[in-house]
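Residue-level structure breakdown
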Amino acid sequence: MRAIQTSAQKLTGETADLIGRTITGETSGATAVIENEFKFQIGTNLVTEFILNEDTILGTFQTGEVVRGTADDDADVFIKATITGIPNATTITNDGTLYTEGETVSVTGGGTSAIINVDAIGRGSLTNFYIDDGGSGYEIGDDIVFNNTDTGGGSAEAKVSVVNGGFTQEDSESTEEDHLVLEDETTRGDPYTGNKLVQESGTGSGDITDIRIVDAGSNYQSLPIVTVDDTNGSGASIFTYGSEIGRIQGLKIVESGAEYQQSPSPPTLTLRSKILVLGKSGNFSATETVTGTGLDSSSITATVISFDNDRNILTLSGATGTFLPGSTITGDTSGAIATIKISDPATATTTVAATANTAGAFINQDGWVSETTMRIQDSLYYQDFSYVIKVGRTINDWRDSFKKTVHSAGFYFTGQVDIESRLNAQIQSITGINSGVEYEGIALILNTLFSTIFGRRLGTVDDGTTLRVNPLIGVDPDFTDSTSDHFTSNTRDVTLKRSFTLGPIVIKERTTHRSNTTSFGVPVTGPYMSDIGKFGLFTHFASQVRIQDISNLKLTGFLNTDLDGESTDISDYTAKIKSSFAIPAEVWQISSDSFDEDRDTFDEDTITFDAA
C-alpha cells in the first residue's frame, strides 16, 4: 500500500468523503484513488493519512503541493489538502551486531513523530568465546554448557582446550588473544591437538586460558548463556559472540509523522549502540551516563538504556565519540567500570518523499496458520456438523446401536478408542552373557555398548603375541588426546589357525595277469615271479631249488577274482607279480678280523681293536 500525508492546517472540506474517489495533484498532475484515510493528532496539528490504491497511481506527487478531489461526480466544491514530507525509504549502511527485533530507531531533523523500528535481524553461528574470569581447578576437555533458551538456535558445542595459561608477547606488541605457537611443520603428523605453548601441568591453578569450538551451532538470533562444567573447577566467567548474530537486515516505518520536508531534510537515523564488555566492576544502571576516553584519545559518552548481566551486553543511546574495543567506560551514577570488547554499531539513512510504502496490516485472522479459531474445512471430519465419540471399545461394537437410538440425522460422527489401561513394556534388567554384569534398564546397556572399545587384533600361536585373558570383553575409553592405543601391541584377540595339505599318495601300478588285474597293486612280499624263473631255474642257484617248492606257490593279490589261491604255472615265471618264495642264498663268513679287510667299518659296535 502507498501512504500520503496531509496537514489539517491547510485542509478544505471533509477528507473522509474522498474514500473511493480520485485525487489530483495541482502542481504535478499526478492522480490516484483513495482506498482509506486515517486521522491522528501530532501536537496541535491534525494529520490525515491517505491510503492509495497503488495500481491507480499515475505520475509522482510532490511535497508541498495541494491535492484535491470531490465527494461525488456532481459536486462543485473541491476538498483540498496540502502534502507534507514523510520518511520514504531506509538504507542500512552498516548492519552491526547484537540487535533485537522491534528496537526503536531515533529520527531527528525536519518534521516530527515518525517511528522507525528494527524489522528483521540476522541469525548465525558462534565465532568467539571471551574468558572474563578463568576460575581455578579446571582441566583440559571440560565441557562448556549452553543455555539456548529464547535464542532461536542450538547445537553449539565447545570444550576447555588450555588451562594454566599460555605465553604471549609484551602488551605493547600484541593483543590479549595472541599466543606464542609452534610452526606448522612442527606439529605435522602430531597425534595431539593444539599448537600453543603452555605451562607444564601442575604449574598453574587450573584457570581456563582457551576454549576450543567443537560445533559453532546455527540459527542463533541472540547470544546463548554459557557456563563451564563444574565437576573439576569453579569460578569461571565466559561470554560468547557471533559476528552474524543480531545484524540488522531491515527497518520498518511504523508511523510516518509529518513535515519532514522541512530543513534539515532528510532526517538523521540513529540506532542504539550494542557493546559487549569485560572486566566489569559494579552494575550499570538505566538512564545513567557512561563516559570514558577512547583509544584515539577522543571523549566518549552515552546514556545507558539497559544492561544484560547474563551476556555482558550494554545497550546505549546518544553515543558520542568512538567506542573502540579496549576503551574503558565508567557509569557516573553507579560507578561501574568495564572495558569495551566488541563494539559494532549499526548505521542507516532515509529519504523524504510525498508518498511511502507502508508495512501493511492484517484485516482479520483469515489465513493465519497459528490462529486457533481457524479450521481447515474438508466437508467430513473438519466441519461444523461433525463430532467424535471416545469410548473404551472399538466402533464396530457400538456403531449400529448408536445410530438406531440417539444419532441425529445430518450429523457426521467418528469413533476413537479411549485407552483404559497401559502396560509398561520397558526392559527392566539384562545380564551380560560374557561379562555376567547385570544392567538395570536398556539405557545402561546402550551406554555401556557405545562407550566400550572392543579389540579385534588378529594373531597366530607362534608370531610372538599372547592371547588376552578376556578377548571378548572390551575396555573403557579415556577420551584424552594423549591416548594412542588402548590395547598392548604384543597381544591378540583372535587366533588364526594354519591348515596343512598332504602330498599326493602314489599307488603302485596295477598288474594284469591271465586277463585279471590286481585290486590293490601287486603283492609286496617276496621276489617277482620273473626273478624265480631267472635265478631259481636258469642260474647256479637252480641246484638248490626244488620243483616241489615252486609248484606249491599260490597266486595272491588278486582280491575278489578267481586267481587268488590258484597254483602257479611255468608261464607265470615271467610275470611282474610278487611271490612268497625265498631264493636260496649264501652268506660269506670271514674267519677272523684283520686290519686289511675292507668289509668291517668303524661304526660297528661289536668289533674291538683288541680282538685276537
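For clarity, every value in this text was computed on a predicted model and none was experimentally measured.

Regarding its fold elements, the protein presents four helices and 35 strands. Here the protein holds 612 residues, and 31% of them are scored as buried. Contacts in the protein between residues far apart in sequence, at least 24 positions, make up 69% of those at least 6 positions apart. Taken as a whole, the protein presents about 37700 Å² of accessible surface, with 50% of it coming from carbon and sulfur.

Where empty space is left becomes clear once a probe the size of a water molecule has been rolled over the atoms. Applying the stated criterion across every chain, the model contains three cavities of 30 Å³ or more. Roughly 50 Å³ of volume is contained in the largest cavity. Residue lining of the largest cavity: Met529, Lys554, Leu555, Thr556, Thr568, Ile577, Lys578, Ser579 and Ser580, and that is the complete set. Each residue belonging to the lining of the largest cavity can be placed in one class, and the counts come to three nonpolar, four polar and two charged.

What follows is about the side chain of glutamate 37. Mapped onto the elements, glutamate 37 comes out in strand β3 (residues 31-42). Of the residues examined, glutamate 37 reaches a relative accessible area of 13% and is grouped as buried. There is a polar contact of 3.1 Å between the side chain of glutamate 37 and the side chain of threonine 15. The contact partners of glutamate 37, leaving out residues within four places of it in the chain, are Thr15, Ala16, Ile19, Thr48, Glu49 and Phe50.

Tracing the backbone shows serine 273 in strand β18 (residues 273-281). Ignoring any residue separated from it by four or fewer positions in sequence, one finds serine 273 in contact with Tyr99, Leu314, Thr315, Leu316, Ala319 and Pro345.

Let us now look at the nonpolar core. In this structure, Phe129, Ile144, Phe146 and Ile238 are the most contacted members of the largest nonpolar core, which totals 25 residues. Going through the elements one at a time, β10 (128-136), β11 (144-147), β12 (154-163), β13 (208-218), β14 (225-228), β15 (234-241) and β18 are the ones with two or more residues in this core. For this core, the element with the most residues is β12, which contributes four residues. Sequence-distant contacts of phenylalanine 146, defined by excluding residues within four places in its chain, comprise Leu126, Phe129, Ala156, Glu157, Ala158, Pro224, Ile225 and Val226.

Right, let's get into the pairing of β3. Where strand β2 (residues 22-25) meets β3, three bridges bridge the pair, whose relative direction is antiparallel. Its bridge partner being in β3, isoleucine 23 is matched across the sheet by alanine 32. In this antiparallel pair of consecutive strands, β2 and β3, the connection spans five residues, and glycine 29 shows a positive phi of 80°. Two strands pair when backbone bridges link them, and β3 and strand β4 (residues 45-52) are joined in this way by eight bridges, in the antiparallel orientation. Counted as the bridge partner of isoleucine 42 is asparagine 45 from β4. Counted along the chain from β3 to the antiparallel partner β4, the turn is two residues long, and its residue glycine 43 has a positive phi close to 65°.

A contiguous nonpolar patch, built from Leu380, Tyr381, Tyr382, Val388 and Tyr412 and spanning about 430 Å² of accessible area, is present on the exposed surface. Inspection of the secondary structure puts tyrosine 381 in the loop between β25 (355-357) and β26 (386-391).

On to the packing of aromatic side chains. According to the stated counting rule, one finds nine aromatic pairs in the structure shown. Residues tyrosine 387 and phenylalanine 411 carry aromatic rings whose centres are separated by 6.4 Å and whose planes lie at 50° to one another, so their mutual orientation is tilted. Taken together, the residues span a long stretch of sequence, with tyrosine 387 in strand β26 and phenylalanine 411 in the loop between α1 (395-405) and β27 (412-417) at a distance of 24 residues. Classification of phenylalanine 411 as partly exposed rests on a relative accessible area of 37%. Ring geometry for tryptophan 398 and phenylalanine 402: centres 6.0 Å apart, planes at 90°, overall edge-to-face. Of this pair, tryptophan 398 and phenylalanine 402 both sit in helix α1, four residues apart, which is roughly one turn of the helix.

All right, on to the sheet that holds β18 then. Taken in spatial order, the six strands of this closed barrel run β18-β21-β20-β19-β22-β23, and their pairing is antiparallel. Here the average twist between neighbouring strands, direction ignored, is 45°. Where strand β22 (residues 328-331) meets strand β23 (residues 337-343), three bridges bridge the pair, whose relative direction is antiparallel. Opposite threonine 328, over in β23, you have threonine 339 as the bridge partner.

How each quantity is defined
Sequence order sets the numbering: in each chain, residues are counted from 1 along the sequence as written. Only residues with pLDDT of at least 70 get local features here, since the model is predicted, and only at 80 or more are side-chain atom pairs given and counted; chain-wide, interface and lining totals rely on the full set of residues. With hydrogens and water stripped out, all remaining heavy atoms of the structure feed into the side-chain values. Helix and strand labels come from DSSP, where a helix needs a run of H or I of at least four residues and a strand needs a run of E of at least two; each type is numbered from the N terminus. Buried means the residue's accessible area, taken with a 1.4 Å probe over protein chains only, is under 20% of the maximum for its type, while exposed means over 50%, and partly exposed covers the values in between. Contact criterion: two residues are considered in contact whenever any of their non-hydrogen atoms come within 4.5 Å of each other. The Shrake-Rupley method, run with a 1.4 Å probe, gives the accessible areas here. Residue values count only the displayed protein chains as cover. Cavities and pockets are defined on a 1 Å grid built over the protein atoms alone: a cavity is a set of grid points where a 1.4 Å probe fits but cannot escape, while a pocket is an open set with protein on both sides within 12 Å along at least five of seven lines, and lining residues are those with an atom within 4 Å of any such point. Grid points are joined across faces, edges and corners, and a volume is the space filled by probe spheres set on the points. Residues are grouped as follows: Ala, Val, Leu, Ile, Met, Phe, Trp, Tyr, Cys and Pro are nonpolar; Asp, Glu, Lys and Arg are charged; all remaining types, including Gly, are polar. We call two N or O atoms a polar contact when they sit within 3.5 Å, provided that within protein one can donate a hydrogen and the other can accept it, with sequence-adjacent residues counted only if both atoms are side-chain atoms. Buried residues of nine kinds, namely Ala, Val, Leu, Ile, Met, Phe, Trp, Tyr and Cys, make up a nonpolar core once their side-chain atoms join them within 4.5 Å. Each pair of strands is called paired provided DSSP finds at least two bridges between the two strands. Exposure above 30% relative accessible area and the absence of a salt bridge qualify a residue for a patch, where like charges join within 9 Å and nonpolar side chains (Val, Leu, Ile, Met, Phe, Trp, Tyr) within 5 Å. A pair is scored as a salt bridge if a Lys or Arg side-chain nitrogen falls within 4 Å of a carboxyl oxygen belonging to Asp or Glu. Centre distance within 6.5 Å is the pairing criterion for rings of Phe, Tyr and Trp, where only the six-membered ring of Trp is used; planes under 30 degrees apart are then read as stacked, over 60 as edge-to-face, and the remainder as tilted. Axes here mean lines fitted to C-alpha atoms, for a helix over just the part in contact, with angles spanning 0 to 180 degrees between N-to-C directions.

Honestly, that's just the spatial picture; any functional story needs more than this.
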